[in-house]
Every structure is written in structure tokens, then in C-alpha cells.
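Letter by letter, the chains look like this.
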Amino acid sequence: MMIEAQTRQVVDNLRRVLAGSASGLDQVVFARVHLTQFERDYAAMNTVYETYSAPARLPARTCIGVTRSPGGARRD
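None of these values were measured; they are calculated from a predicted model. (Residues numbered from 1 in each chain as written. Predicted model: local features only at pLDDT ≥ 70, side-chain atom pairs only at ≥ 80, totals over all residues. Heavy atoms only, no water.)

Whenever I open this one, the overall build of the chain confuses me. Can you help?
Per the secondary structure count, the chain includes two helices and two strands. Counted from the first residue to the last, the chain has its helices and strands arranged as α-β-α-β. Counting over 76 residues, the chain shows a buried share of 25%. Residue pairs at least 24 apart in sequence account for 69% of intrachain contacts in the chain once pairs closer than 6 positions are excluded. Carbon and sulfur atoms form 55% of the exposed surface of the chain, whose accessible area is close to 5,400 Å². (Helix = DSSP H or I, 4+ residues; strand = E, 2+ residues; numbered from the N terminus. Buried < 20%, exposed > 50% of the residue type's maximum accessible area, 1.4 Å probe, protein only. Contact = heavy atoms within 4.5 Å. Areas by Shrake-Rupley, 256 points an atom, 1.4 Å probe, with all protein chains shown as cover.)

See the structure below:
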């Protein structure tokens, strides 16, 4: 699965969890993103991320390059 699809899946999952708490993405103030292929995936992930909210409403974010994902999450 490419980073674009992975990013959509993560944000859609987050939307469902937030909806279950009568909340939404507009209430998120901070996001932390871990990328195992930072150089390759950052721009594409960022493009998808920005489609979920107006730029003025995007939460603060930190993107971190990591060598491996916790719990065996996908690397490719």
C-alpha cells in the first residue's frame, strides 16, 4: 500500500474514532507522524494530509523519520 492510501486510511480511522466521542478532526490540535521512508514519502503524505482541512485549520504537526515502526506496522 502506498503512502497516500496509508495516510487516507489513518485519517479516516481517526475520524471514526473521534465521531464515536462526538468529536471531529476540527478538534485535533496536534498530530505526530512517523515515516519509515521519510525522504520518499513526506511530500505525498503531506499532500493527502492537507486535503482533510483548510490550511488555516490544520493541527500542529511533527513528522519524524524512523528506522522501523512499532508493533510491526507496514514499512513499504
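Help me out: how do you make sense of the nonpolar core in this one?
In this structure, I3, A31, V33, L35, A44, M45 and Y49 together form the largest nonpolar core, which totals seven residues. When residues of this core are traced back to their parent elements, those giving at least two are β1 (30-35) and α2 (38-50). (Core = buried A, V, L, I, M, F, W, Y, C linked by side-chain atoms within 4.5 Å.)

Looking at this structure, how should I read the pattern of salt bridges?
Applying the stated criterion across every chain yields a total of two salt bridges. Salt-bridge contacts for D41 lead to R40; the nearest nitrogen and oxygen are separated by 2.8 Å. (Salt bridge = Lys/Arg side-chain N within 4 Å of Asp/Glu carboxyl O.)

I'm lost on helix α1 (residues 3-20) in this one. Help?
It helps to recall that an α-helix has 3.6 residues per turn; residues three or four apart then point in one direction. Its 18 residues place the ends of α1 26 Å apart at the C-alpha level, agreeing with the 26 Å of an ideal helix rising 1.5 Å per residue. Where α1 is concerned, the buried positions are I3, Q6, T7, V11 and L18. An end-on view of α1 places all buried positions within 125° of arc, on one side of the element. Those residues of α1 that are exposed and aimed more than 90 degrees away from the buried face are R16, A19 and G20. (Expected span 1.5 Å × (residues − 1). Arc of directions from axis to C-beta.)

What is the right way to look at the environment of Y52 in this model?
With respect to the element layout, Y52 can be found in the loop between α2 and β2 (60-65). Along the backbone, Y52 and R8 are 44 residues apart, and their C-alpha atoms lie at a distance of 9.1 Å. Each residue touching Y52, except ones within four places of it in the same chain, is listed here: R8, V11, D12, R15 and L25. Separated by 3.2 Å, the side chains of Y52 and D12 make a polar contact. (Polar contact = N/O pair within 3.5 Å; in protein donor to acceptor, adjacent residues only side chain to side chain.)

These results come straight from atomic positions and should not be treated as a statement about function.
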